[in-house]
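# A structural walkthrough
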Amino acid sequence: RDVAMLTDLVRCTVVAEDLKQVGVLVAALDARSVVGLASPTDDPSDKPEEDERTLRITSISNRFDESYDDNKSGGYRDLSLNIEVGWTMREGMVSFERVRDWDDLQVQRHICEIQVHLRSAHHELVGATGLHQRYVELRNKY
């Protein structure tokens, strides 16, 4: 595997009560993010507040979608978002920079993964059934 493609060295899990709460989380991330891989200096006219955004959503895998074939993942379902952050060091402190300034400031960048699980399935996922371990084994095969 190509280590340059790693995107989950920094990863967190958010456990939501229901799909409505998942939607609230996605909306909050969207409000703080530029979506897609376009240049950070592209015209943000469709979202005037975009000038202050400090995150870029680079991908979303929605395994909650009814059309998702969970046979591919051993029954595992979640929402996975890859979020790119850019930062500089100032006076020994990390400063997260606006996406529009990334090129000018020559920021350091990193992609982090946010996994969203439903509470109803989270216990089974991490504990009793070993479902997550099966998912990891399947993922690593391909």
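Everything numeric in this text was worked out from a predicted model, so none of it was measured.

## Some points on the state of the cysteines
As enumerated under the stated definition, the model contains 0 disulfides in all. Cys112 supplies the cysteine sulfur nearest to Cys12, a cysteine that is in no disulfide, at a spacing of 8.2 Å.

## Details of unusual backbone geometry
At Glu91, a residue that is not glycine, the phi angle is positive and equals roughly 50 degrees. Counting through the fold element by element, Glu91 comes out in the loop between strand S4 (79-90) and strand S5 (93-96).

## Focus on the pattern of salt bridges
Applying the stated rule across the entire model yields 9 salt bridges. In this structure, the salt-bridge partner of Arg109 is Glu84, at a minimum N-O distance of 4.0 Å. Remark: Glu84 occurs in strand S4 and Arg109 occurs in strand S6 (residues 108-118); sequence separation between them is 25 residues. A residue is classified by how much of its surface remains accessible, and Arg109, at 36% relative accessible area, is partly exposed. When its relative accessible area of 9% is taken as the criterion, Glu84 is described as buried. Of the charged contacts in the structure, one is a salt bridge between Arg90 and Glu97, with a shortest N-O distance of 2.9 Å. On the basis of relative accessible area, Arg90 is assigned to the partly exposed category, the value being 43%.

## What to know about the confidence of the model for the chain
Averaged over the chain, the pLDDT score is 81; the fraction of residues at 70 or greater is 75%. Looking over the chain, one finds the lowest element-wise mean pLDDT in helix H3 (residues 119-126), namely 71, and the highest in S5, namely 93.

## So, the pairing of S6
Alignment of strand S1 (residues 11-16) against S6, held across 6 bridges, turns out to be parallel. Bridging from a neighbouring strand, Arg11 pairs with Glu113 of S6.

## Some words on a nonpolar patch on the surface
A cluster of nonpolar side chains, contributed by Met89, Val94 and Phe96, occupies part of the molecular surface with about 330 Å² of accessible area. Taking relative accessible area as the criterion, Met89 reaches 55% and is therefore assigned exposed.

## Regarding the nonpolar core
Residues Val22, Leu79, Leu81, Ile83, Ile114 and Val116 are the most contacted members of the largest nonpolar core, which totals 14 residues. Among the secondary structure elements, those contributing two or more residues to this core are helix H1 (19-31), strand S3 (55-62), S4 and S6. Once residues within four sequence positions are removed from consideration, Leu81 is found in contact with Leu29, Ser59, Ile60, Cys112, Glu113, Ile114 and Val116.

Procedures and definitions
Residues numbered from 1 in each chain as written. Predicted model: local features only at pLDDT ≥ 70, side-chain atom pairs only at ≥ 80, totals over all residues. Heavy atoms only, no water. Disulfide = S-S within 2.5 Å. Helix = DSSP H or I, 4+ residues; strand = E, 2+ residues; numbered from the N terminus. Salt bridge = Lys/Arg side-chain N within 4 Å of Asp/Glu carboxyl O. Buried < 20%, exposed > 50% of the residue type's maximum accessible area, 1.4 Å probe, protein only. pLDDT = per-residue confidence, 0-100. Pairing = 2+ DSSP bridges. Patch = residues over 30% accessible without salt bridge, like charges linked within 9 Å, V, L, I, M, F, W, Y side chains within 5 Å. Areas by Shrake-Rupley, 256 points an atom, 1.4 Å probe, with all protein chains shown as cover. Core = buried A, V, L, I, M, F, W, Y, C linked by side-chain atoms within 4.5 Å. Contact = heavy atoms within 4.5 Å.

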